[in-house]
Amino acid sequence: MNQNWSFNIPGSIIFGNNSLSQLSQIAKDFSPKSICIVTDRGVSEAGILNKTLHILKDLEVTLTTFDEIEPEPDIKSIDQCAKLARENKVDLFVGVGGGSPIDVAKGASIVAKYDGSIFGYLGVDNVPGSTIPKVLIPTTAGTGSEVTPFAIFKDKERQLKTAIQSKHVLGDTVIIDPLLTHSCPPKVTAVCGMDALTHAIESYTSINSSPMSAQCSIQATNLIGKYILQAYKNGDNVEARQSMSLGSFYAGIGIANAGSGAVGALSYPVEGMYKVIHGIGNALLLPYIIAYNSIANYKKFEDICTALGLESKTGKDATVNVINFINDLNETFQLPRTLGDIGARKGDIKTLADDAITRQRILVNNMRKLDHNDIMKIYESAF
Ligand SMILES: [Fe+2]
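**What to know about the sheet that holds strand 7 (residues 150-155)**
Item 1. Across the sheet, three strands lie side by side as 5-8-7; this open sheet has mixed pairing. A strand with exactly one partner marks an edge of an open sheet, and here the two such strands are strand 5 (123-124) and strand 7.
Item 2. Bridge analysis of strand 7 against strand 8 (residues 160-165) gives six bridges, and the strand direction is antiparallel. Considered in strand 8, the bridge of I152 is made with A163.
Item 3. On the sheet, helix 5 (residues 99-114) packs against strand 7 and strand 8 and is oriented at approximately 100 degrees with respect to strand 7.

Quick look at the structure:
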């Protein structure tokens, strides 16, 4: 546990059922003349875009919508969105959706202000200063992107996942309205929930966790562990949806401040090579990485075991309980359990490890050190 720490969160957070209705008032605080709503077709089809436009209709502003975003957005869509924003002199972004629209809104808010291309701002702390303001509104309970200083993109040309990390991409205001997640189908609820559970566990076990981030991570573990199945089975269960939104939010704050670990680092190469959705890559690798990591600090997994509401165990037994719990969830959700299930070949392991080892930004947080050989072994264990 890191006893010297700092803690960063978005400027303002509004949480609660129907909180989307406050958007107009919130937008007014930025005195905008031109707003760009960044979203995707799924959000439009669920009626959430219309609802958002309706709420903003009384503002005397130009409204532009950018919804050409795929589930895992190609990095080029950021420059397209920024071009549209520049043409319309946009002075406020509203990102509405899962992680993809929110990350595109974050990226476009940089490029629209500083020009050039998103490729000039990738990596850690390469954003020169504050961006065009952004209000971020998640419609899933999973990525936590609305509260993190990260934006993740797919580079289709190079078949890579690439990222921006900067405090300047944190939202100015975040609106978390759990009612918006009710339209998520069961599979999306499950995959997003597993992503959030991964964030919770990885941030709790990160060597950079602090007393403050650990509180968020363990609360997230508790809420997601308790409610993920209910949200999956009954999407209109208000308590389950509210708790998953809160859990995902806490987990996002956890990774924003303590970082994620080996699951993130090893999943990105898998996602890039086999075109697997982020939450599925995480859910698949999480049990194998816990099995590798736990020897470094069994106490952490005793805490996680208790937070998940499982029978309290000590030492290695607690880890086994946690792994069984995750395996059971993956089975219930009919998610792939091995790399073979997603079409990976053992001959690809070295290429995957060559990519994963470059992800030092994330690997440095992992509770147990990994070298190239360790990463190869974890991938091998996942077949
Ligand atoms: Fe994630």
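So that's the structure; there's more coming.
**What to know about the nonpolar core**
Item 1. V38, I78, F93, A108, I224, L266 and I289 are the most contacted members of the largest nonpolar core, which totals 117 residues.
Item 2. Beyond its immediate sequence surroundings of up to four residues, L266 is in contact with L285, I289, A356, I375 and I378.

**Some thoughts on the pairing of strand 6 (residues 134-138)**
Item 1. Within strand 6, five of the five residues are buried, leaving the element largely enclosed by the surrounding structure.
Item 2. Burial along strand 6 is two-sided: the face carrying K134, L136 and P138 and the face carrying V135 and I137 are both buried.
Item 3. Of the pairings in the sheet, the one linking strand 6 to strand 9 (residues 173-176) comprises two bridges and is parallel in character. The residue of strand 9 that forms the bridge with L136 is V174.

**Quick notes on the packing of helix 6 (residues 186-205) against helix 8 (residues 238-258)**
Item 1. Two numbers describe how helix 6 lies on helix 8: the axes approach to 8 Å, and their chain directions differ by 40 degrees. In terms of axis orientation, helix 6 runs oblique to helix 8. Judged by the sense of rotation from one axis to the other, the crossing of helix 6 with helix 8 is left-handed. Residue-level inspection shows G193, A196, H199, A200, E202, S203 and Y204 of helix 6 in contact with helix 8, the latter providing M244, G247, S248, A251, G252, G254, I255 and A258.
Item 2. When grouped by side-chain class, the residues that make up the contact of helix 6 with helix 8 number seven nonpolar, seven polar and one charged.

**Considerations on the domain arrangement of the protein**
Item 1. Domain annotation of the protein identifies domain 1 (12-180) and domain 2 (185-381).
Item 2. Distance between the C-alpha centres of domain 1 and domain 2: 26 Å.
Item 3. Contact with domain 1, which involves 21 residues of that partner, is made by 26 residues of domain 2.
Item 4. By residue number, the principal contributor to the side of domain 1 that touches domain 2 is strand 8, which donates three residues.
Item 5. When the residues that make up the side of domain 1 that touches domain 2 are grouped by side-chain class, the tally is eight nonpolar, 10 polar and three charged.

**A short note on the sheet that holds strand 3 (residues 62-66)**
To summarise the sheet geometry, strands pair through backbone hydrogen bonds and adopt either a parallel or an antiparallel arrangement.
Item 1. Spatial strand order, 1-9-6-4-2-3: six strands in an open sheet with parallel pairing. Of all the strands in the sheet, the pair left with one neighbour each is strand 1 (12-15) and strand 3. Between one strand and the next, the sheet's axes are offset by a mean angle of 15 degrees, whatever the strand orientation.
Item 2. Relative to strand 9, strand 1 runs parallel, the two sharing four bridges. Note on strand 9: the bridge partner recorded for I13 is V174.
Item 3. Strand contacts of helix 5: strand 2 (34-38), strand 4 (92-97) and strand 6, with the helix running at about 165 degrees to strand 4, the strand carrying the most contacts.

**Observations concerning the environment of S21**
Item 1. Turning to its location among the elements, S21 is positioned in the loop between strand 1 and helix 1 (23-28).
Item 2. Its 12 C-beta neighbours within 10 Å are what place S21 among the exposed residues.
Item 3. Counting along the chain gives 30 residues from S21 to K51, while the straight-line C-alpha distance between them is 8.9 Å.

**Quick word on helix 15 (residues 372-381)**
Item 1. Along helix 15, the positions that sit buried rather than exposed are I375, I378 and Y379. With its buried residues spanning 100 degrees around the axis, helix 15 presents them on a single face.
Item 2. In this structure, the buried side of helix 15 is in contact with helix 9 (262-274), helix 10 (278-293) and helix 13 (349-356).

**What to know about the packing of helix 7 (residues 211-233) against helix 11 (residues 298-307)**
Item 1. Running from N to C, helix 7 and helix 11 cross one another at 40 degrees; their axes reach a closest spacing of 8 Å. Between helix 7 and helix 11, the interaxial angle falls into the category oblique. Residue-level contacts link I218, T221, N222 and G225 of helix 7 to D303, I304 and A307 of helix 11.
Item 2. Of the residues belonging to the contact of helix 7 with helix 11, the class tally is three nonpolar, three polar and one charged.

**Here's the deal with unusual backbone geometry**
The phi angle of most residues is negative, glycine excepted, and most peptide bonds adopt the trans form.
Item 1. A positive phi angle, close to 50 degrees, is found at K89, a residue other than glycine.
Item 2. Mapped onto the elements, K89 comes out in the loop between helix 4 (76-87) and strand 4.
Item 3. Even without being a glycine, D115 presents a positive backbone phi close to 70 degrees.

**Brief notes about the pairing of strand 7**
Item 1. Strand 7 sits mainly inside the fold: five of its six residues count as buried.
Item 2. Taking the residues between adjacent antiparallel strands as the criterion, strand 7 and strand 8 are bridged by four residues, where Q159 takes a positive phi near 50 degrees.

Cut-offs used in this document
Residues numbered from 1 in each chain as written. Predicted model: local features only at pLDDT ≥ 70, side-chain atom pairs only at ≥ 80, totals over all residues. Pairing = 2+ DSSP bridges. Helix = DSSP H or I, 4+ residues; strand = E, 2+ residues; numbered from the N terminus. Contact = placed C-beta atoms within 7 Å. Axes fitted to C-alpha atoms, helices over the stretch in contact; angles between N-to-C directions. Core = buried A, V, L, I, M, F, W, Y, C linked by C-beta atoms within 7 Å. Buried ≥ 20, exposed ≤ 12 C-beta atoms within 10 Å, placed from the backbone. Parallel < 35°, antiparallel > 145°, perpendicular 65-115°, else oblique. Left-handed = near helix turned anticlockwise from the far one by under 90°. Nonpolar A, V, L, I, M, F, W, Y, C, P; charged D, E, K, R; others polar. Domains from an automatic or database assignment. Arc of directions from axis to C-beta.

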